Amino acid sequence: VQYDTQTHKAVVTVGKDTKNNKLSVTGITYDDKAANALEITNTFTPVQAHIEVTKAFNGWKDPAYGDYFANTKFTFNISPVTEGAPLPAEGGKNVLTAEASKTVPTAKFKAITFVKEGTYTYNIKEDNDRKDGISYDGNTHAVTIVVSKDDANNALSVSSIKYELNGVETSDPA
């Protein structure tokens, strides 16, 4: 949250009732404008992270296979490890899968929107579609996203995205 740091001016006009000698408020202006209340604007800007998985599959590159695997796709699933972690979403709905293909070998999960600082861990696993002759990656890959807050202006940022397999850092789960 970014707070309104502007100095605001409120002017209260007081009048005196000459009949009963009582004071009463006859008008109020805020920042030189007539209004019923002072409006102070704070802004909130969430931060987003994008998780990607690059699929290496020799069937797409080896000329011996021709176009046999041209339409073969690989699906990856994401699940939160951290309780309450936000999920990839689009149009207000969670989207827990991403797909890689010969033309787009990098599976891109929808953006994950973070509204508070913290460390968020997710697991990524490849679906085993049991297509003849294809060996699937049966490993569960961990992705840890660290969201930090700048103490000077309260702005959120993604300070790191780390991919791991069996506790060893990798470039991405492939």
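It should be emphasised that the depicted structure is a prediction, and the values quoted were computed from it without experimental measurement. (Residues numbered from 1 in each chain as written. Predicted model: local features only at pLDDT ≥ 70, side-chain atom pairs only at ≥ 80, totals over all residues. Heavy atoms only, no water.)

A. Representation of the sheet that holds strand E6 (residues 74-80) within the structure. Strand order in the open sheet formed by six strands is E9-E6-E12-E13-E14-E15, with antiparallel pairing between adjacent strands. Every other strand in the sheet has two partners, leaving strand E9 (97-100) and strand E15 (168-170) as the edge strands with one partner each. Taken pair by pair, the neighbouring strands of this sheet meet at an average axis angle of 35°, ignoring direction. Pairing geometry for E6 and strand E12 (residues 118-126), over five bridges, is antiparallel. In the strand pairing of E12, Ser 79 is matched with Asn 123. (Pairing = 2+ DSSP bridges. Helix = DSSP H or I, 4+ residues; strand = E, 2+ residues; numbered from the N terminus. Axes fitted to C-alpha atoms, helices over the stretch in contact; angles between N-to-C directions.)

B. Structural detail: the side chain of Lys 55. The topology assignment puts Lys 55 in the loop between strand E5 (52-54) and helix H1 (58-61). Among the residues examined, Lys 55 registers a relative accessible area of 8% and is labelled buried. Among the polar contacts made by the side chain of Lys 55, one reaches the side chain of Glu 126 at a distance of 3.1 Å. Not counting the four nearest positions on each side in its chain, Lys 55 is found in contact with Trp 60, Phe 74, Phe 76, Ala 100, Pro 105 and Glu 126. (Buried < 20%, exposed > 50% of the residue type's maximum accessible area, 1.4 Å probe, protein only. Polar contact = N/O pair within 3.5 Å; in protein donor to acceptor, adjacent residues only side chain to side chain. Contact = heavy atoms within 4.5 Å.)

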